Amino acid sequence: MENSTTMIGSKGVIKKHEFVRILIQCLYSLGYDKSASCLESESGISYKSSEFKLLESLVVGADWEGCIDNLYGIKELTDEQRDTALFLVSKQYFVECLGQGDDSLALSLLRKQISKLKVGREKVHMLAFGLLSLGTNKVHDDNGFQELRKYLINELEQVIPPPITVPDKRLEHLVETVAASQVNSCIYHNSLDPVSIYKDHRCGRDQLPTETVQILSAHKNEVWFVQFSNNGNYLASSSSDCTAIIWKVLEDSKLVLEHTLKSHQNPVSFVAWSPDDTMLLTCGNSEVLRLWDVETGTCKHTFGDNGFLVSSCAWFPDSNRLVCGSSDPKKGICMWDCEGNEIKAWRGIRMPKISDIAVTPNGEYLISIFSDRDIRILNVGMNTERVISEEHPITSLSVSGDSKYLIVSLNSQEIHMWDVEGCFEKPLRYKGHRQHKYVIRSCFGGANGMFIASGSENSQVYIWNRRISDPVEVLSGHSMTVNCVSWNPKRHQMLASASDDQTIRIWGPQSEKACSKGL
């Protein structure tokens, strides 16, 4: 028998006996039964402890009284674990009594033993219901009992703690924990691909879009807004030149101009893609809200009038309902269908000036910024709301792709992240960029939305890992204020930025050196 105190590993913290038991369990779970049995024989270490082997033999032999006595003798069990294990054994005993027609013994078990266990009344009631519902339909199939006993043994393995048992898939859990910890501590990790366990995980900055790979210069004035489509195949931009442009992302990650949208008479400050990416909304201060067909580039519908003062807009997941917020307190928030029929409106004294609006991708929450410093989170289905008040004016709002988080950009030169459900008492804060007087927009991005990007008044783009308050990258290239950024939701190493220098920069990983200009 292997000495249970022998230690292995460079730090001497791993008990060899435990390590081998976990290896044997892993081999069995992977289906390598012969290898597992061979290792047990060679090492003299058994995957199952002598205590559990005894319990297993009692279950297989249907010695239920012996099982119960055995469980009372296991000192490692807590009261809760013992009651759970006793219930599992007693339940099997109860079922076999019923199956063999011994209703009186089954009833006695239920009254004198099972009902005294602290496992929840509903479980006891289910057994009582079984006693009534079986009636004369008895089960005499011993093979059926044997299968139930095997299942009981597996259940007991989940309840009885180490070292009597080895937790299920223990080796996989340990390796996954280490791998996940290394990924979580890697500030540049930006991939959904599985990580290799052959070596310690560590990414370089080449995982992030840090180099300009293309400059788009079709706009004739300041570019105020950019947003990638949900499928990542298009980019929409809007400008103070009163136009919006739809760009197509090619297979080689280059962007080409697809449509120029020219119906607006005033600067276009906001765009929003429908969830199915077939339509695009555009709006701006002192402007109507327009709905465009992405394939043809034609205007399908106009909402409101020239005095509507639309500040922002958003879609619900069905791509049929849309909402817009107005900087006119009398207009509030309106919900329409794509044909222009008003479905619902939120107006009145509780709906002051709306500066930004968003709908979570799951459609459950309508989030708006009003009175400059307040975040209103409305649960659409429950019609309940809560308000988060910031100390400084909020200039923009963005929601994570998993609908769990939101970020707001403040003119105090901070970005705050809150959770939508309301668990955070304080926000996570991100700093380093410059924002005093202009509307600067930020966004989530990267694999699993683990990064935040923002423009800045000092002509740079900032990138944060969500776990760190200081930026991990600062990107230079623009010559004037960067107003807005958008991270491609499908190509996690592609970022777009819009600037007052009248250009859009497309950023890619460091290895991509080519910079194509003049579009």
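What you see is a predicted model; the values in this text were computed from it and never measured. The residue numbers shown here count from 1 along each chain, following its written sequence. Residue-level local features of this predicted model are given only where pLDDT is at least 70; pairs of side-chain atoms are given and counted only at 80 or more, and the full residue set underlies all totals for whole chains, interfaces and linings. Note: side-chain values were computed over all heavy atoms of the structure, leaving out hydrogens and water.

**Re the overall build of the protein**
- Helix numbers and strand numbers start at the N terminus; a helix is a DSSP run of H or I with at least 4 residues, a strand a run of E with at least 2. When helices and strands are counted, the protein shows nine helices and 30 strands.
- Two things to know: the radius of gyration comes from C-alpha atoms, and the globule rule equals 2.2 Å times the number of residues to the power 0.38. Rg of the C-alpha trace for the protein: 32 Å, well past the compact-globule value of 24 Å for 519 residues, more than 25% over.
- If you line up the protein on its principal axes, its C-alpha atoms span 85 × 55 × 45 Å.
- Counting only contacts in the protein whose residues sit at least 6 apart along the sequence, the fraction spanning at least 24 positions is 48%.
- Note on areas: these come from Shrake-Rupley sampling with a 1.4 Å probe, and a residue is covered only by the protein chains present in the view. Of the accessible surface of the protein, which amounts to about 25200 Å², a share of 50% is contributed by carbon and sulfur atoms.
- Between the averaged position of the 54 positive side-chain charges in the protein and that of its 64 negative side-chain charges there is a distance of 3 Å. Contact criterion: two residues are considered in contact whenever any of their non-hydrogen atoms come within 4.5 Å of each other. We count Lys and Arg on the positive side and Asp and Glu on the negative side, and we leave His and both chain ends out. To locate a charge, the coordinates of NZ of Lys, CZ of Arg, CG of Asp or CD of Glu are taken.

**A look at the sheet that holds strand β29 (residues 495–499)**
- If you walk across this open sheet you meet the four strands as β3-β30-β29-β28, and the pairing is antiparallel. With partners counted over all chains shown, the strands left at the sheet margins are β3 (211–216) and β28 (482–487), one partner each. Each strand axis lies, on average, 25 degrees off the axis of its neighbour in the sheet, ignoring direction.
- In terms of strand pairing, β3 meets strand β30 (residues 504–508) through five bridges, oriented antiparallel. Pairing of Ile215 across the sheet is with Arg505, part of β30. In this description, strands pair whenever DSSP reports at least two bridges between them. Helix axes are fitted only over the stretch in contact, all axes being lines through C-alpha atoms; the angle between N-to-C directions runs from 0 to 180 degrees.

**Structural notes on the packing of helix α1 (residues 16–29) against helix α2 (residues 33–43)**
- As a packed pair, α1 and α2 sit with axes 7 Å apart at the nearest point and diverge in direction by 160 degrees. Comparing the axis directions of α1 and α2 gives the class roughly antiparallel. Handedness of the crossing formed by α1 with α2: left-handed. Contacts from Val20, Leu23, Ile24, Leu27 and Tyr28 of α1 reach α2 at Asp33, Ser35, Ala36, Ser37, Leu39, Glu40 and Ser43.
- Tallied by class, residues from the contact of α1 with α2 come to seven nonpolar, three polar and two charged. Roughly parallel refers to an angle under 35 degrees, roughly antiparallel to one over 145, roughly perpendicular to one between 65 and 115, and oblique to any angle outside these ranges. Left-handed is the label given to a crossing in which the near helix is rotated counterclockwise from the far helix by less than a right angle, and right-handed is the label when the rotation is clockwise. Three residue categories are used. Nonpolar comprises Ala, Val, Leu, Ile, Met, Phe, Trp, Tyr, Cys and Pro, charged comprises Asp, Glu, Lys and Arg, and polar comprises the others, including Gly.

**What to know about the domain arrangement of the protein**
- Under the domain assignment, the protein is made up of domain 1 (48–168) and domain 2 (208–508).
- For the domain bounds, the source is a domain assignment made automatically or taken from a database. For domain 1 versus domain 2, the separation of C-alpha centres amounts to 58 Å.

**Regarding the sheet that holds strand β26 (residues 461–465)**
- On the basis of which strands lie adjacent, the open sheet formed by four strands has the order β24-β25-β26-β27 and antiparallel pairing. One side of each edge strand has no neighbouring strand; the edge strands of this open sheet are β24 (442–445) and β27 (473–475). Between one strand axis and the next, the sheet turns by 20 degrees as a mean value, whatever way the strands run.
- Relative to strand β25 (residues 451–454), β24 is paired through four bridges, and the arrangement is antiparallel. Each residue of the ladder has a partner; that of Ser442, found in β25, is Ser454.

**Section: α1**
- For α1, which comprises 14 residues, the first-to-last C-alpha distance of 20 Å matches the rise-based estimate of 20 Å (1.5 Å per residue) to within 8%.
- Tucked into the core, α1 has its buried residues touching α2 and α9 (170–184). Take the number of residues in a helix, subtract one, and multiply by 1.5 Å to get its expected span.

**Looking at the side chain of Asp500**
- Within the element layout of this structure, Asp500 appears in the loop between β29 and β30.
- At 2.7 Å, the side chain of Asp500 and the side chain of Asn483 are in polar contact.
- Filtering out sequence-adjacent residues up to four positions away, Asp500 remains in contact with Glu222, Val223, Trp224, Met480, Thr481 and Asn483. Whenever a nitrogen or oxygen atom comes within 3.5 Å of another N or O atom, the pair is scored as a polar contact, on the condition that within protein one atom can donate a hydrogen and the other can accept it, and that pairs from neighbouring residues in sequence are kept only if both atoms are in side chains.

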